[in-house]
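Structural overview
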Amino acid sequence: MVAVPVSSPSRANRAPRQRSFALIQGSLSARRVERQAPWLASLHRVADGALSGLGLAVLGLSGLTLHWQGQWTQAYQRLETAQVLEHRLQESAAILEQHHLGVARKPGRLVPTSAEKLVYLPAPVPHRPAAMGSLLAGVSPRQILAGY
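Counting restarts for each chain: residues are numbered from 1 in the order of the written sequence. Given that the model is predicted, a residue must reach a pLDDT of at least 70 before its local features are reported, and side-chain atom pairs must reach 80 or more before they are shown or counted; all residues, however, enter totals for whole chains, interfaces and linings. Neither water nor hydrogens contribute to the side-chain values; these are computed over all heavy atoms in the structure.

In terms of regular secondary structure, the chain is built from four helices and zero strands. Counting from the N terminus, the helices are the DSSP runs of H or I reaching at least four residues and the strands are the DSSP runs of E reaching at least two. Each helix and strand of the chain, ordered N terminal to C terminal, gives the series α-α-α-α. Out of the 148 residues belonging to the chain, those deemed buried represent 2%. Accessible surface for the chain amounts to roughly 14,500 Å². Of this, 65% is attributable to carbon and sulfur atoms. Only protein chains enter the calculation, and the probe is 1.4 Å; a residue is then buried if its accessible area is under 20% of its type maximum, exposed if over 50%, and partly exposed in between. A 1.4 Å probe and the Shrake-Rupley method give the accessible areas. Residues count as covered only by the protein chains that appear here.

What follows is the structure, given as structure tokens:
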């Protein structure tokens, strides 16, 4: 057996790879751009800041949109529930009216209900509670037994 050095094809391939990496490395170097054109580097910084701010604004608006959509869904469900309850109330009123018309021997004497014929009464005026001084003036200390 004889030991013979094997020629490696990797040496031939290394040179173009190193050149391409060197080209990419040099073009993406921020320091090199900053040295050659400082205004371009500051423009890049401004663009990066604007993009990050825009990204944060989009995230914030997305969150608000989801929140408002949830609020709208809840409000719509409450509206549907109110409509169902209103329909049930109208059905109940109609059933009661039919019952009273059937029970009465003379249905012609009963007046059918309508919104125009309803009588609205004013709300009762809430009476104010008595002032604390007048309440205590009515209490006599002689009437309170000792120990109570």
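Attention now moves to the packing of aromatic side chains. Here a pair means two rings of Phe, Tyr or Trp (six-membered ring of Trp) with centres within 6.5 Å. Their orientation is stacked below 30 degrees between planes, edge-to-face above 60, and tilted elsewhere. Taken as a whole and judged by the stated rule, the model has one aromatic pair. Ring geometry for Trp72 and Tyr76: centres 5.2 Å apart, planes at 10 degrees, overall stacked. A residue pair is termed a helical-turn pair when its members lie 3 or 4 positions apart in one helix, as Trp72 and Tyr76 do in helix α3 (residues 38-103) at four residues. Overall, the relative accessible area of 57% leaves Trp72 in the exposed class.

Side chains of Leu51, Leu54 and Val58 sit close together on the surface and give an oily, nonpolar patch of about 310 Å² of accessible area. Relative to the assigned elements, Leu51 resides in helix α3. Under the relative-accessibility criterion, Leu51 is labelled exposed at 58%. What makes a patch is a set of residues exposed beyond 30% relative accessible area and free of salt bridges, joined within 9 Å when like-charged and within 5 Å when nonpolar (Val, Leu, Ile, Met, Phe, Trp, Tyr). Put simply, a salt bridge is a Lys or Arg side-chain nitrogen that is within 4 Å of an Asp or Glu carboxyl oxygen.

Below, the discussion takes up the confidence of the model for the chain. Residues with a pLDDT of 70 or more make up 59% of the chain, whose mean pLDDT is 76. Per residue, pLDDT captures the predictor's confidence, and it can take any value from 0 to 100. Ranking the helices and strands of the chain by mean pLDDT puts α3 first, with 91, and helix α1 (residues 10-27) last, with 55.

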